Every structure is written in C-alpha cells, then in structure tokens.
Amino acid sequence: MRKILTLLLSCFVCISFAQQTDILKHKAFVLKRFLEKNHYQSLLWNDSVSIRLYNKWIDLLDNEKLYFTQADIAGLEPFKFTLDEEMNNGKWQFYRKSVTLYRNRLFFVDSIIKNILSKPLDFNIIDDLQYPFTTFVTNDYELQLRWKKYIKWQVLHKISDDNKSMIDSSFDFKAAEKKAVAIQKDIEGANIKRLLGSSPEDFEKNLNENYLNSISWCYDPHTEYMSMAVKDEFETRISASEYSLGFDVEENDKGEHEISFLHPGGSAWRKGDLHKGDILVAVRIGNDFKSFNNLTENEIETVFSGRDKSDTEIKVRTVTGETKIVKLTKEIISSEEDVV
C-alpha cells in the first residue's frame, strides 16, 4: 500500500510540475509577444540569445558557485544552444530540469551545512580559500570541502569582528567560536529557507517570476518582468506615502538586520527606544516571536511597510548588548523624493 501511495504522490507531483511548466511557457510566449511589439529594440531569438539566457539563469541560481557541481552543469549544458528553439514554440525541457536539480541541490547543501556545524570545527588545519569562487567544484566531495572551508572562514570572520582584542590573554576562543557558529548556523539555515520558499508552491512561483525576468533581461538589462503582486509593491515604494515603522534596515556583514536610519518624526524616532546600530532579533507574528533570520523577504517587507496600519512588536539587541521588546505603530509617511 505504501508503494502505491508513493507512486500516486510521485505521479501527482509530476503532473503538477508539468501543468506549472505549461503555464510558465504560455506566460513566456505572451511576454515575448509583448516585448516584440513594445520594446524599442527588436530581438532575434537565436543561438546567441540562447546562450545569454542560459548564462543569466545559471548565474541567477548559483552565482556564488556554492550549490552546483561541474557534473550538474554538464547535465544542463546541452540546452545552452536550444533555448531559442524553446522560445520559438519548441518543446520546453530546460526550465523544469534546471529547477528540479536546483531544489535537490539546496536540500543536499542544507544537509552538508548541518553536518559541518554539528561537529567542532578544526582550526588547526591550514586551509586555502579564494573568494569569490570563479568555478564550480568537480563533484559532491569537493563541494563538501568547499563548504567546510567557507563556513570556517565565515566563523573566523565573525570572531574577529566581535573580538578586536584577540591577542588579550583573557580572550576565550572557545566561547567566541560557539557564539559565531550559532550565528552562522542561523544565517545559513535562513538563507536555504529563503531560497526554498515557505512551500513548494512559493518556491515554484519565485523561480517562475525569476525565469520570466531573465527572458526580459535578454532584451536589455533595464527591462524587468513584474507580476501583479510585485507591481503593487513597486508602486507602493515609489509613491509619495506609505505605512512605515519609521526606520530603515540594512543587512550587516554578519548577516544581521541592523537599523541604519531613523526617519525624523516617525514612529520609531518619537518612541525613542531604537537607535542606529541596533540589531533586529525577532518580531511578533501572531502569538509568538519569530527570528528575523527565519523570515522571507516578503515577510520582512510586510513587517516594515505596506499599505496597512498596524501595531508591531519587535525584539532588538541594542548597541550596548541589552535585549528589549519595542512596540511601534505603523504610520503614513510622506517623501516627495520617492515620487517618480
């Protein structure tokens, strides 16, 4: 019975993926016709453009060379000169194959990261690392070695940043390492979760939009595809007013969400409990606090801005190391500089 259920589930997933690919194919053709009619520059879909789309897509999926191997790329390489045929109403195969491979590699790398961080890191070994990576590793074994070196480098980077006086005799490397490893574990886990999305449907939706955007990019780097949801968000950002908590956030080099600016007169500025340099730790969603490292980009955008007025509770770590909870109210802010 279990084998039958597994087979039925696999068939359902394959049918679902096939239907999604058909929908994406239709959208791509509509987008192509629209651009052919309205774009200032005509584009002939040939081998040259096929290579352009292929390279753009592979770079978008793994520009840091941390997920695919040369063996993976070799499996996708035959499509490099056939994407123009797909865009000219040929049989679509590349997108589904690349996305399925990408999803599998994300799960595989997630297991690599968890395995590495479940054991003590050996800093007695002298490693050589040149970053950013310019080539894909040969196989899975080399991918594990690359991740081990990469994580050790990131952990050492965090230890160094947090402890400027490492030469002090009182410096506790083990304690600093434990703290840095915990931070790195959260960062890598959040990144994999962000890439996989909140669900298989979310993962598929994000990559569909990214592939359509890659097609648009082939016409020129400033042409961008937008779904209706992205269009609404874009219009909100460029309008003269929107609801806001009254501060800007940037990701620092440790992967933390750091307050970079308080808007004068805004909710956070008047409250007086937040300051530039404070780190956002978590936000209350429903009855529980959820770590910012575990939020998707869309969830973070919803927390900070949008078109609705609401109260928001945020847990922050101040520049002095104190952790506290601050309650803010979203208010409409106006900025004529944002009007386009």
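Read on for a plain summary of the structure. Just so we're clear, the structure is a prediction, and the values are computed from it rather than from any experiment. (Residues numbered from 1 in each chain as written. Predicted model: local features only at pLDDT ≥ 70, side-chain atom pairs only at ≥ 80, totals over all residues. Heavy atoms only, no water.)

## Focus: the nonpolar core
Logical step 1: Ranked by size, the top nonpolar core spans 56 residues in total, and within it Trp45, Phe94, Trp147, Ile151, Tyr211 and Ile215 carry the most contacts.
Logical step 2: Of all the elements, helix α5 (residues 94-117) adds the most residues to this core, at 11 residues.
Logical step 3: Leaving out residues up to four positions away in the same chain, Phe94 has contacts with Tyr54, Trp57, Ile58, Leu76, Phe79, Leu83, Glu86 and Tyr211.
Logical step 4: Counting residues in hydrophobic clusters, the runner-up holds 17 residues, among them Ile259, Val283, Val303 and Phe304. (Core = buried A, V, L, I, M, F, W, Y, C linked by side-chain atoms within 4.5 Å. Buried < 20%, exposed > 50% of the residue type's maximum accessible area, 1.4 Å probe, protein only. Helix = DSSP H or I, 4+ residues; strand = E, 2+ residues; numbered from the N terminus. Contact = heavy atoms within 4.5 Å.)

## Thoughts on the side chain of His257
Logical step 1: By the secondary structure assignment, His257 is in strand β3 (residues 257-262).
Logical step 2: Judged by its relative accessible area of 12%, His257 falls in the buried class.
Logical step 3: Not counting the four nearest positions on each side in its chain, His257 is found in contact with Val249, Glu250, Glu251, Asp278, Ile279, Leu280, Phe292, Asn293 and Ile300.

## What to know about the side chain of Arg146
Logical step 1: Structurally, the position occupied by Arg146 is in helix α6 (residues 140-162).
Logical step 2: In this structure Arg146 is buried but unpaired, with Glu142 as the nearest side chain of opposite charge at 6.9 Å.
Logical step 3: Apart from the residues within four sequence positions on either side, Arg146 is in contact with Lys65, Leu66, Phe133, Thr135, Phe136 and Val137. (Lys, Arg positive; Asp, Glu negative; His and termini not counted. Salt bridge = Lys/Arg side-chain N within 4 Å of Asp/Glu carboxyl O.)

## Observations concerning the packing of helix α2 (residues 47-62) against helix α8 (residues 200-219)
Logical step 1: For the pair α2 and α8, interaxial distance at closest approach is 9 Å and the crossing angle is 140°. Between α2 and α8, the angle is such that the two are oblique. In the crossing of α2 with α8, the sense of the turn from one axis to the other is right-handed. Side by side, α2 and α8 meet where Val49, Arg52, Leu53, Lys56, Trp57, Leu60 and Leu61 of the first sit next to Leu207, Asn210, Tyr211, Ser214, Ile215, Trp217 and Cys218 of the second.
Logical step 2: Its residues assigned to classes, the contact of α2 with α8 comprises 10 nonpolar, 2 polar and 2 charged. (Axes fitted to C-alpha atoms, helices over the stretch in contact; angles between N-to-C directions. Parallel < 35°, antiparallel > 145°, perpendicular 65-115°, else oblique. Left-handed = near helix turned anticlockwise from the far one by under 90°. Nonpolar A, V, L, I, M, F, W, Y, C, P; charged D, E, K, R; others polar.)

## Re the layout of surface pockets
Logical step 1: Reported here for the second largest pocket is a volume of approximately 480 Å³.
Logical step 2: Broken down by secondary-structure element, the contributors of at least two residues to the lining of the second largest pocket are α7 (173-196), β3 and β4 (279-285).
Logical step 3: Considering only residue class, the lining of the second largest pocket consists of 7 nonpolar, 8 polar and 7 charged. (1 Å grid on protein atoms, 1.4 Å probe; cavity = no way out; pocket = protein on both sides within 12 Å on 5 of 7 lines; lining within 4 Å. Points joined across faces, edges and corners; volume = space filled by probe spheres on them.)

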